[in-house]
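Residues per chain are reported as follows:
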Amino acid sequence: MTYVLLGDAPLCGLDPSLPTVRIPLGPASRRLASVCWHSLLLRRKSLQEALLYTPRARQRLLACIARLDPDIVILDTIRIAQFFEAASDTAPRRRWVLYMEDLLSLRYRALARGLDGPVAAAVDPLGAFAPAVPAPLRPLARAASLRALLYRFEASRVARSERRLAEALRNVSLVNGEEVALLARQVPDATVLHTPPCLPAPSMHRADEAHRGPFLIVGTLDYPPNALAAAEFLTQAMPAVVRAMPQARIKIVGKHASATLAALCARWSPHVELVGYVPDLSGLMASAAAMIVPVRIGSGPKLKSLEALAHGLPLISTRNGVEGIDVVPDVHGFVSDDLGAFPAFMQRLREPATNRVFSQRSRALFERAYAADAVHPRYEAAFLGAMQAGQRAAAAAVE
């Protein structure tokens, strides 16, 4: 297995022991020209594709794959798949898999509707993609008056690319079963497979007094849906939380919080603590009362929700927060799109017996549906395809 990385992104979540090849991005001037040509004039690529695309980067990526000569090539989202659109015709012996993760077009449509109101100031619409955007364009993309227009534009372009690249590469994997069915209807000639997230099964070490512990909100805070969720919880639910549970504590865990969100957290001190990045959440989850997932926009299963199940941590979530996950309301946690209901749910999970039962059911759901033994066969079907079990295959993952 070899990682091929476009640009200088850090090795987040990747196995550092595996070999890595880096392909530099093209100069900002050429990528800006790419946006003008491919997105605005030809209308063939989304903005995020065009911002990464240069002919030189394409040549280097194709040459790298030819040199590695893998049997399987896993392409991370349409941003990378655009460079290999003709690959299944020019190199048919290789198995090409477009790992979409989510249908990003659905995410951007939701963001176009959802990034409004007073809490939107806590959200950077560029999120973690900001380093790939040429500096002169960043203020324009962040202008509040242009956000909805930007997301609607990107949603339409991304939807076209999702369909076109799925048809070209023929093998696609998505983490959300509902999105699998949707894309399969749109591109009937493609093989679209469900590959739910696979998490390691941690040891079950819930503290005896966990029901008395803090409530957690977890997520990378420069990702717009997470930042918006935290800000909305603080503005809509915290007044009632403080009235009903003056001793309750909420820890917001995640890196890259905006100054606006940090100030909002400070306003609710000492009830709310902005913790920042924590590399290992096991200790926090073992002593927490529940995971709060107040996200209302975004697509695909939320890793934070699956991590909670893995640790036997009860969930308090919106429907979006458990989308694509087999959580049954009032069995594995409490689910409502009304953040005003969350304080009552928090009170319920202060009850030792309720917390213990939800914890046990959550862990059982994880082991049945999302642990390695349950998920690995799906990945073998998606990535190995017709190769025989046990057959050795060299793979390259391009991100």
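Residues numbered from 1 in each chain as written. Predicted model: local features only at pLDDT ≥ 70, side-chain atom pairs only at ≥ 80, totals over all residues. Heavy atoms only, no water.

Once that is clear, we can look at the pattern of salt bridges. Going through the model one piece at a time under the given rule, you end up with 14 salt bridges. Between Glu49 and Arg164 there is a salt bridge whose closest N-O contact spans 3.9 Å. Placement of Glu49 in helix α2 (residues 47-50) and of Arg164 in helix α8 (residues 147-169) is noted, with a sequence separation of 115 residues between them. Overall, the relative accessible area of 0% leaves Glu49 in the buried class. (Salt bridge = Lys/Arg side-chain N within 4 Å of Asp/Glu carboxyl O. Helix = DSSP H or I, 4+ residues; strand = E, 2+ residues; numbered from the N terminus. Buried < 20%, exposed > 50% of the residue type's maximum accessible area, 1.4 Å probe, protein only.)

Attention now goes to the environment of Glu367. Examined against the element boundaries, Glu367 turns out to sit in helix α16 (residues 352-369). Judged by its relative accessible area of 45%, Glu367 falls in the partly exposed class. Between the alpha carbons of Glu367 and Ser34 there is a distance of 46 Å; along the sequence they are 333 residues apart.

All told, the structure shown has 1 cavity of 30 Å³ or more when counted by the stated rule. Looking at the largest cavity, its volume works out to about 50 Å³. Lining of the largest cavity is provided by Ile217, Val218, Gly219, Leu221, Asn226, Ala229, Ala230, Pro294, Val295 and Lys304. Among the secondary structure elements, those contributing two or more residues to the lining of the largest cavity are β7 (215-218) and α10 (224-236). Considering every element that reaches the lining of the largest cavity, the biggest residue donor is α10, with 3 residues. Its residues placed into classes, the lining of the largest cavity shows 7 nonpolar, 2 polar and 1 charged. (1 Å grid on protein atoms, 1.4 Å probe; cavity = no way out; pocket = protein on both sides within 12 Å on 5 of 7 lines; lining within 4 Å. Points joined across faces, edges and corners; volume = space filled by probe spheres on them. Nonpolar A, V, L, I, M, F, W, Y, C, P; charged D, E, K, R; others polar.)

Spatial ordering of the open sheet is given by β2-β1-β13-β3-β4-β5-β6, a layout of 7 strands whose pairing is parallel. Here the strands that pair on one side only, and so sit at the sheet edges, are β2 (20-23) and β6 (191-194). In this sheet, neighbouring strand axes are inclined to one another by 20° on average, regardless of whether the strands run parallel or antiparallel. Helix-sheet contacts for helix α17 (residues 372-384) involve β3 (72-76), β4 (95-101), β5 (171-174) and β6, and the interaxial angle to β4 is about 130°. (Pairing = 2+ DSSP bridges. Axes fitted to C-alpha atoms, helices over the stretch in contact; angles between N-to-C directions. Contact = heavy atoms within 4.5 Å.)

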